[in-house]
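# Residue-level structure breakdown
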Amino acid sequence: MADRYWVGGSGTWNTTNTGNWSTSSGGASGASAPTAADNVFFDANSNVGTGAFTVTMATSPRVCNDITISGLDGAMTLAGASIGLTVSGSLTFPATNFTRTYTGVTTFIATTTGKTITTNGVAFGGGVTLNGVGGAWTLGSALNIGTSTLTLTNGTFDTSASNYAITAGIFLSSNSNTRTINLNGSTITLSGGGITSWDITTSTNATLNAGTSTITATGSAPTFGGGGLTYYNVSFT
C-alpha cells in the first residue's frame, strides 16, 4: 500500500499517466498511477496556484483504496464520461470547491469493517454498489444518488447513529449473500415508480435492523419487495 497525491492541475487519471502523481503533497510528479491498494489524495497542492482544475478519469474503472478530497483552494472537477470508480476503502468528498461530473457506477469492495462514505452534499451521477464479503460501510453524511440504484450485494451497510438520509431511485439487495442493513432512524426516499423501488424480494441471509426509519416510495405505482422482513415506517406517495 502506498499514498498517491495529485499534483500539477488538470490531467487524466488512467493506468499510465505519471505526470500528475506524487508520493507526497505538492511533491515531484512521476509516481506511478494508484492501484486498488493505494490511498489517493487531492488537496490544496493538487492544482496550480489557486486555479480551477479538472481530473478526468479514463479507462474504467479507476481504482484506489481510500480516496480523500479535502482542503482544496481551487475548484476541482472529477470528470469521466461513463467512467466508474472502484474504492477498496473509504471515500471522502468536500462540501466546497468540488464538483463531480463522472457518470459511472461507484463501487465499494472492502472486505474489512470500519469503512466510511462521506459525500458532504455531493450527489453521485450513477449507481452506488457495495460488494465486499466481510466489508462494512457507514455513512458520514447524507447519500444522494438521484434516480440511480443503491445496491448492497455483500457486507454491512449502516446509515449511522446520526440517521443520515438516503435519496435514490431504487434500493436493491435481492440475493442470498450474507448482508446486513442498519437503517437506524434514517429517512430513505426512493423515486423508482412503476418498478420495485425497495427490492429485497429474496431475503435469504439478509438482516434488516429497521430502527425507527422511514422508507418512502414515490412516483407512479411503486412496488415494495420486502422479503418477509420486519420494517418500521413505510410510505407510498
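I will try to describe carefully the structure that is included in this document. Within every chain, residues take consecutive numbers counted from 1 along the sequence as written. For a predicted model such as this one, the threshold for reporting local features is a pLDDT of at least 70, and the threshold for listing and counting side-chain atom pairs is 80 or more; totals across whole chains, interfaces and linings nevertheless cover every residue. Note that water and hydrogens are dropped before the side-chain values are worked out from all heavy atoms of the structure.

### Some points on the sheet that holds strand 20 (residues 187-190)
Put simply, the test is: For two strands to count as paired, DSSP must find a minimum of two bridges between them. Secondary structure elements follow DSSP: runs of H or I no shorter than four residues count as helices, runs of E no shorter than two count as strands, and numbering proceeds from the N terminus.
Read from one edge of the open sheet, 5 strands run 15-17-20-23-25, paired in parallel fashion. Each edge of the sheet is formed by a strand with only one pairing partner; in this case those strands are strand 15 (143-144) and strand 25 (233-236). Looking at chain direction, strand 17 (residues 166-168) and strand 20 are connected through 3 bridges and run parallel. Residue Thr167 lies in a different strand from strand 20, and its bridge partner there is Thr189.

### Observations concerning the environment of Gly19
Selection criterion: We call two residues in contact whenever any of their non-hydrogen atoms come within 4.5 Å of each other.
Its location among the elements puts Gly19 in the loop between strand 2 (11-13) and strand 3 (21-22). Linking Gly19 and Gly30, residues 11 residues apart in sequence, is a C-alpha distance of 5.4 Å. Residues in contact with Gly19, not counting those within four places in the same chain, are Val7 and Ser29.

### Let's talk about the environment of Tyr232
Topologically, Tyr232 is positioned in the loop between strand 24 (223-225) and strand 25. Taking the C-alpha atoms as reference points, Tyr232 and Thr212, separated by 20 residues in sequence, lie 5.8 Å from one another. When sequence neighbours within four positions are dropped, the list of residues in contact with Tyr232 reads Ala210, Gly211, Thr212 and Ser213.

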